[in-house]
Each structure stands twice: as C-alpha cells, then as structure tokens.
Amino acid sequence: MKITLEKKEFVKALQVGGSFAGKSKVMPILDCVKIKVGLDKLTIVSTDSENAISKRLNGIASDGEGTFCVNMNDLLSYIKLINSDKIEINVNGNTAEVKHAKGSFTLPIESDEEFPSLKPDENSVDVSINAALLNNWIVDGKNFVASDELRPVMNGLYVYCKENELGCCASDGHALFTDNIEVEGIPDFNFVLNKNAFKPVCDAISNVEEVKIKVGSRNVMFVADGVSVIARQIEGRYVNFKVVIPANNDIEAKIDRKEMLNAITRSSVGASKASMLTKMKVDGFNMEISCEDLDYNKKTVEYLTTEANGNITIGFKSSLLMEILNSISTNDVIVTMKDPSRAAIFKEDNEESNKIYLLMPMMIQ
C-alpha cells in the first residue's frame, strides 16, 4: 500500500493524534499510533489504555486501504526533519518505508490486533458548549487539581450543568478555582476530567467555536473538527465545593494585579525554601508584602498602594499566590478576607466575571 501526503499537515495530525502515545508502559503497543488508511483520508489513533484520541486527515492519496501500528516517536522524529513538502509511505509486509526526495527510513510495523480499543458509553448525555470556555477552564484549573491517592475524585477538573448553571471546579484542598455561567437548553450533567486528558482536549478544541460532548458513566467523549477524545471519568462523588467558599469576608482590598505579582515574585527570593511563606499586611491604603528566612538571615519587603476597608496581616504560599494572579485577566484584583486563619477570596475586577479563587492561609509564626 502506497500513501502520499503533505508533510506539514501530516506532522500536525501526528502531534494531535499521537498525544497519548508513549504515556503508558502497560503494554509496548502503547508506544505506537494506529493509522487507519482510506482512499482519500487517514485516521491517527493513540491511547494510554484509559484515554484515547483520534485525528482525521483528509486530502491524502492511497492505492489501498488498511490499518497498521508504528512507533510514534520514531515516525514523528524522522518526518519533522524532512525538508520535502510531500512524503510517501510504502507499507509492505512487516515494514513501513517513509520516502522523500533525498532519502528514506524503513521501520517495523505492528499488528493492530493488540492495540486497545476504547469506545464511548452507549447511554450518554449529549451536549454542546463553547470550546473557548472549556479550554479556559482547563488552563485555569490545571494548576489547582490535587494529587490525592485517598480521594482520586479530586485529581481532575469537575465540570457540571445544573439548573441552567454551567460551571467547573478544581481544588487540591489548599486552593480552589471555580467559574460558572448561565445557560439555557443544556441538560443536567457532570463529569470529572482526569488530568492526563487536559492537553489533548485543549489541542482538540483549540480551533473550533463549539465542542460536542458525550457524557457517559465511565468516560466522556469530546468531538471537534475531525478530532475525538475519549477520556476516562474519575469515579466518585465530587465534594460540595460551594459550601467552603466564605460569604462573609468583610475586609476587601483592591490591588494592581501586575504590581502585586511583581512584588510577590521579588519578595519570594527571601522566603524560606521549606515553607515559601509570604506575609501580606493590609493597612488602609498601604500593603506590605514580605518574606523571611530566619535560618539564613534573609528578609525581603515590598510596598504597594491599595484600596482597603480594614486592617489584616495574613500569610500565603507564594507559589499559589502567583498561580492565582497569573490566571486573573483584569488589571486589578479584588481580595476579600476575614481573619488570618480563614480562606481568602481572589476575584477579577469585573462584575460580569464569576471566577473565584479561594486560597487557604498559612500560619504566621
């Protein structure tokens, strides 16, 4: 079987369709991509045995049809170095020969009989949502998901629709991110997207306006523009995260986001490497951000101007503070607090935004 295709488009398709190749060592075949060839199209499939992705590539030329598996890393590494616009793949027996104007590469192929096949659940809830919204939720939420062996349901992004509220949540017990919008005509559903599927799903939906989702009991399928991703659902009941979000934080401070981020970044140079504690002192129109490492006699202090209706001194982990500030898109950030032992809330300075970042404080010695 001879296949002729555009090199540039094939590389793009391999990078998407091969997202899960080599991610699991359960079976050697998982290092491969499965390539299904038709007369004018081919489909590239990869899996880690729990998640799978397929990418369709149109506009190829083939003198036959067939399916074979080939090592993803070997194939992609060679093709990316080819300067020719067109390449040719000849499949013959147990080998595939990649040919271009100035050379060729012959590599073994494997039978597709051992390649795991994942299928979407038959009984699913079918919905369509805005692709950019889901992409933003994954990008914002990935830094707040847990790595908890005792509560695996926390190790993913929770996405739900209930009573016309479409939302998400990610939390590791120390920090939390949530967002929601009002929708109409979408049935109730919920799923927990495992973190191994974050990047493949984002890659799949990056160039479309809407993504179709089939929510089943065991897995979730995302379909967009010739790409489909089947992601394992994390079993378990997600926590009622809304009850932990404080509603009575009465100290509010408004700060320039970029200035605060820069101050925390500079201040963290003097922080204890063990705790990375950043102390935030708010006093009317002044904010003092400081870090200290008593073991090495180091201390940093930064001063900012703020608008606050109270006084408080509270401590946070600097890395989580920076993650939150990097996720906020407005020029100013609104921080609400109660006392040094209770969670603080970070919000965008935008009345239309429902994004909430919750951060538990650290004890100040």
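Because the structure is a prediction, the values reported are computed rather than measured.

### Quick notes on the pairing of strand 16 (residues 219-224)
Counting buried positions along strand 16 yields five of six residues, so the element is predominantly enclosed. Relative to strand 16, strand 15 (residues 210-215) is paired through four bridges, and the arrangement is antiparallel. Each residue of the ladder has a partner; that of valine 215, found in strand 16, is valine 220. Connecting strand 15 to the antiparallel partner strand 16 that follows it, the hairpin turn spans three residues. Inspection of the sheet shows strand 16 paired to strand 17 (residues 227-232) by six bridges, in the antiparallel sense. Among the inter-strand pairings, asparagine 219 is bridged to a residue of strand 17, identified as arginine 232. Here strand 16 folds back onto strand 17 in antiparallel fashion, the turn holding two residues, of which aspartate 225 has a positive phi close to 50°.

### Some points on the sheet that holds strand 20 (residues 286-293)
Across the sheet, four strands lie side by side as 21-20-19-23; this open sheet has antiparallel pairing. The sheet is open, and its two edges are formed by strand 21 (298-305) and strand 23 (311-317), each paired on a single side. Pairwise comparison of adjacent strand axes, ignoring direction, gives a mean angle of 20° for this sheet. With eight bridges connecting them, strand 20 and strand 21 associate as antiparallel partners. Across the sheet, residue methionine 287 finds its bridge partner in strand 21, namely leucine 304.

### Here's the deal with the nonpolar core
Ranked by size, the top nonpolar core spans 69 residues in total, and within it Ile213, Phe222, Met260, Met337 and Phe346 carry the most contacts. When residues no more than four places from it in sequence are discounted, the contact partners of methionine 260 are Ile255, Met280, Met287, Ile289, Leu304, Leu325, Val333 and Phe346. Among the nonpolar cores identified, the runner-up in size contains 28 residues, and Ile3, Phe10, Ile44 and Met72 belong to it.

### Brief notes about the sheet that holds strand 26 (residues 356-359)
Across the sheet, which stays open at both edges, the nine strands sit in the order 14-11-12-13-26-25-24-18-22 with antiparallel pairing between neighbours. Across the chains shown, the open sheet's two edge strands, defined by having one partner strand only, are strand 14 (189-194) and strand 22 (307-308). As paired elements, strand 24 (residues 332-337) and strand 25 (residues 344-348) share four bridges and run antiparallel to each other. Directly across from isoleucine 334, in strand 25, lies its bridge partner lysine 347. Each of strand 18 (251-256), strand 24 and strand 25 is contacted by helix 5 (residues 257-267), which is oriented at about 90° to strand 18, the strand it contacts most.

### Section: the environment of lysine 298
Along the chain, the position of lysine 298 falls in strand 21. According to the relative accessible area criterion, lysine 298 is partly exposed, its value standing at 34%. Taking the C-alpha atoms as reference points, lysine 298 and aspartate 283, 15 residues apart in sequence, are found 24 Å from one another. Ignoring sequence-local partners within four residues, the contact set of lysine 298 consists of Val269, Gly270, Cys291, Glu292 and Asp293.

### A word on the environment of glycine 270
Within the secondary structure layout, glycine 270 lies in the loop between helix 5 and strand 19 (277-283). Classification of glycine 270 as buried rests on a relative accessible area of 3%. C-alpha of glycine 270 to C-alpha of serine 290: the two residues are 20 residues apart in sequence and 8.3 Å apart in space. In contact with glycine 270, other than residues within four places in its own chain, are Cys291, Glu292, Asp293, Lys298 and Thr300.

### Regarding helix 2 (residues 72-80)
Those residues of helix 2 not exposed but buried are Met72, Leu75, Leu76 and Ile79. End-on, the buried residues of helix 2 take up no more than an arc of 90°, which puts them together on one face. N-capping of helix 2 is provided by asparagine 71, with a side-chain oxygen placed 3.1 Å from the backbone N of asparagine 73.

About the thresholds
Residues numbered from 1 in each chain as written. Predicted model: local features only at pLDDT ≥ 70, side-chain atom pairs only at ≥ 80, totals over all residues. Heavy atoms only, no water. Buried < 20%, exposed > 50% of the residue type's maximum accessible area, 1.4 Å probe, protein only. Helix = DSSP H or I, 4+ residues; strand = E, 2+ residues; numbered from the N terminus. Pairing = 2+ DSSP bridges. Axes fitted to C-alpha atoms, helices over the stretch in contact; angles between N-to-C directions. Core = buried A, V, L, I, M, F, W, Y, C linked by side-chain atoms within 4.5 Å. Contact = heavy atoms within 4.5 Å. Arc of directions from axis to C-beta. Polar contact = N/O pair within 3.5 Å; in protein donor to acceptor, adjacent residues only side chain to side chain.

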